[in-house]
Amino acid sequence: MDTQDTSLLNSGQRVGLAVADYPKELADFPPLQAADTERATLVTAIEDKQEKQDNTTTASTSAKDEAREKMARATEILSAKAVSYALATKQLGLKQAFTLSYTDVRFGEATEDVNHVRELVARVQALPAQVRKDYRLTDAIIQAPADAADLFEAADDTQTTTKAAPHLATLALPDLLRQLSAALLLLKTLLKGQSTDKDPDFQWENLYKAFQAANKRQGVAASSRRAVPRARIVRTLPFTAAGTGQPQRLANTNYGPTYTLTVENRSAVPLLLWMAQKDGAATTPHTCPAGAITTVTRADIGPATARYLMAQFQGGAGGAATVVVRRVV
């Protein structure tokens, strides 16, 4: 719950305390009593949802993180052995297919990472038996990433289940809060209309004043009411080059202005990243420093009309990098 929601809940709680001091008035005015009962029910429901929303999921999150770490480490070992075979036999295309780093698997988009791991396992399993034997690609080494991927998915399911109650609480809160706001408005209307009653046996004016004091809301700055933008990972693009000097196309998508690209350049030379025009017109590349993580906007890498995401290491050198595409939502 944000500041505005909490302020509304606090008003509902304070109003309950205020009107409780006027049982005679409540009993004498059934519509008012019904409205207050509705207010109390909503306050209790929101408190319950808030408690569920605040439940932590530390244990399940930890299990998921450990499983992903295991998957990344096992994949790193398998990839290194498979790449050594590709390099020894001068199959550069196969080297690229076998390259899947620890970082690629550890920090990318979860579903894509699992798919990449299983694809690597399948490719290595398809190698001739003698090749697997010569390069010590044992069954255990090949199977370890696949087993770790299964474990990671199971841990992910557990975390989703654990978070189900807080998630449902969040979904229910907006409706409950709207209803509470309506109940407080009804109480105000009823009490305002009754506040001029001068019957000496009742304290309508005092009750209305008590309600007004309790129903005051905490001021919320406009900036705090705005949603905070969040970046969602759209694609994880591993990039490796063997020093052939040729740029490579990473994607055929013309990402819009709401996208950012985070480049982890693990090489000794800068990485050049740009969006290429469909008609082949020149585009100025953006330079991502060697050994650094750089975040660039869509505008940094080419005009809005450009279509293809391209990459090349400076000077045509070899190297490895990962480009993570995110969209601000």
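Anything mentioned here points back to the structure above.
Residue positions are given per chain, counting from 1 as you read along its sequence in written order. Predicted model: local features are reported for residues with pLDDT of at least 70 only, side-chain atom pairs are reported and counted for 80 or more only, and whole-chain, interface and lining totals are derived from all residues. Side-chain metrics in this entry use all non-hydrogen atoms of the structure; hydrogen atoms and water are not considered.

Visitor: Got a sec to walk through the nonpolar core? Specific residues and values, please.
Guide: Nine residue types can take part in a nonpolar core, namely buried Ala, Val, Leu, Ile, Met, Phe, Trp, Tyr and Cys, and a core is a set of them joined through side-chain atoms within 4.5 Å. Burial classification: accessible surface area is computed with a 1.4 Å probe over protein chains only, and a residue below 20% of its type maximum counts as buried, one above 50% as exposed, and the rest as partly exposed. Core analysis: the biggest nonpolar cluster contains 27 residues, and V15, L32, L180, L184, L187 and L207 have the highest contact counts within it. If you tally residues by element for this core, the top one is helix α10 (residues 164-194), at 8 residues. Contacts: residue pairs with any heavy atoms within 4.5 Å of one another. Not counting residues up to four positions away in its chain, the partners in contact with L180 are L8, L9, G12, R39, L42, V43 and I46. Membership of the second largest hydrophobic core comes to 26 residues, among which are A82, I142, A146 and A149. Under the DSSP-based scheme used, a helix requires at least four consecutive residues in state H or I and a strand at least two consecutive residues in state E, with every element numbered from the N terminus.

Visitor: Describe in detail the pairing of strand β7 (residues 308-313), supporting the description with residues and values.
Guide: Within a regular strand, the side chains alternate between the two sheet faces. Burial of β7 is extensive: 6 of the 6 residues sit out of reach of the surface. Residue alternation in β7 divides its side chains into two sets, Y308, M310 and Q312 and L309, A311 and F313, and both sets are buried. Bridging between strand β2 (residues 248-251) and β7 involves 3 bridges; their strand directions are antiparallel. Its bridge partner being in β7, A251 is matched across the sheet by L309. Examined bridge by bridge, strand β4 (residues 271-276) and β7 share 6 bridges and lie antiparallel to one another. If you follow M275 over to β7, its bridge partner there is L309. Pairing between two strands requires that DSSP report at least two bridges joining them.

Visitor: Outline unusual backbone geometry, listing residues and values.
Guide: Phi is positive for K90, close to 55°, though the residue is something other than glycine. Residue placement: K90 occurs in the loop between α4 (58-88) and α5 (92-98). You can call K90 exposed: its relative accessible area is 71%. Positive phi outside glycine occurs at R136, with the angle close to 55°. For R136, a relative accessible area of 63% gives the class exposed.

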